[in-house]
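A structural walkthrough
For reference, the chains in residue letters:
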Amino acid sequence: MFCSFMSSLTIRSGTVKEVITPENSRAKELSELYHGLNLSNLRVDERLDVLLHVKWTVKEFETKLAKELIELIDREADLLNRGRKEKALEGLRKRITRCFLQILRDPRCNPEAERLVKPVPI
């Protein structure tokens, strides 16, 4: 994902070392969840597992967008448990993916996003 690259340091000897920080570690985790949401041809139990991981990750953020995403995830889980077909869930899945992407771009939820999001001039 766009925020999950490692920071690097150049040592006196001239070699470059990658540094794992809590911020880029978190960004990597969020990136893996985003890619999991975009996987197709998952079994129902695998999709529910991905949705559950995303839901528990997003629950820690106290934003309107996070609450909306949790509601969408609950809706998809309910429809999956009722046996709805993949085709019927396409629109809902797009909404879930877009909503999660907006959360990834929010520096309050993903500190690494701050490096990539340009400040809006006042």
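About the thresholds
- Residues numbered from 1 in each chain as written.
- Predicted model: local features only at pLDDT ≥ 70, side-chain atom pairs only at ≥ 80, totals over all residues.
- Heavy atoms only, no water.
- Core = buried A, V, L, I, M, F, W, Y, C linked by side-chain atoms within 4.5 Å.
- Buried < 20%, exposed > 50% of the residue type's maximum accessible area, 1.4 Å probe, protein only.
- Helix = DSSP H or I, 4+ residues; strand = E, 2+ residues; numbered from the N terminus.
- pLDDT = per-residue confidence, 0-100.
- Contact = heavy atoms within 4.5 Å.
- 1 Å grid on protein atoms, 1.4 Å probe; cavity = no way out; pocket = protein on both sides within 12 Å on 5 of 7 lines; lining within 4 Å.
- Points joined across faces, edges and corners; volume = space filled by probe spheres on them.
- Axes fitted to C-alpha atoms, helices over the stretch in contact; angles between N-to-C directions.
- Parallel < 35°, antiparallel > 145°, perpendicular 65-115°, else oblique.
- Left-handed = near helix turned anticlockwise from the far one by under 90°.
- Nonpolar A, V, L, I, M, F, W, Y, C, P; charged D, E, K, R; others polar.
- Expected span 1.5 Å × (residues − 1).

Focus on the nonpolar core
Most often, soluble globular proteins keep nonpolar side chains buried together rather than apart. Grouped together as the largest cluster of nonpolar side chains are 24 residues, with contacts concentrated most on Leu-37, Val-54, Val-58, Leu-69, Ile-96, Phe-100 and Ile-103. Contributing elements (two or more residues each) for this core: helix 1 (22–37), helix 2 (44–58), helix 3 (64–81) and helix 4 (86–104). Counting residues per element, this core draws most heavily on helix 4, which supplies eight residues.

Things to note about the confidence of the model for the protein chain
Across the protein chain, the average pLDDT comes to 85, with 86% of residues at or above 70. pLDDT under 50 marks residues 1–6. Its contacts with residues more than four places away, or in other chains, come to 25 contacts.

A closer look at the environment of Pro-111
Looking at the secondary structure, you find Pro-111 in the loop between helix 4 and helix 5 (113–116). Among the residues examined, Pro-111 registers a relative accessible area of 36% and is labelled partly exposed. Sequence separation of Pro-111 and Glu-23 is 88 residues, and the distance between their C-alpha atoms is 5.9 Å.

So, empty space enclosed by the protein
Enumeration over the complete set of coordinates arrives at one cavity of 30 Å³ or more. Estimated volume of the largest cavity: approximately 30 Å³. For the largest cavity, the full set of lining residues is Leu-39, Ser-40, Asn-41, Leu-42, Arg-47, Glu-86 and Arg-93.

Description of the packing of helix 2 against helix 3
Helix 3 packs onto helix 2 with a crossing angle of 160° between their chain directions and a minimal axis gap of 10 Å. As far as their axial angle goes, helix 3 and helix 2 are roughly antiparallel. Judged by the sense of rotation from one axis to the other, the crossing of helix 2 with helix 3 is left-handed. Of helix 3, the residues touching helix 2 (which contributes Val-44, Arg-47, Leu-48, Leu-51, Val-54, Lys-55 and Val-58) are Ala-66, Leu-69, Ile-70, Ile-73, Asp-74, Glu-76, Ala-77, Leu-80 and Asn-81. Of the residues contributing to the contact of helix 2 with helix 3, the split by class is eleven nonpolar, one polar and four charged.

Some points on helix 1
The end-to-end C-alpha distance of helix 1, which contains 16 residues, comes to 23 Å, matching closely the 22 Å that a straight helix rising 1.5 Å per residue would cover. All buried positions along helix 1 are accounted for by Asn-24, Arg-26, Ala-27, Leu-30, Ser-31, Leu-33, Tyr-34, Gly-36 and Leu-37.

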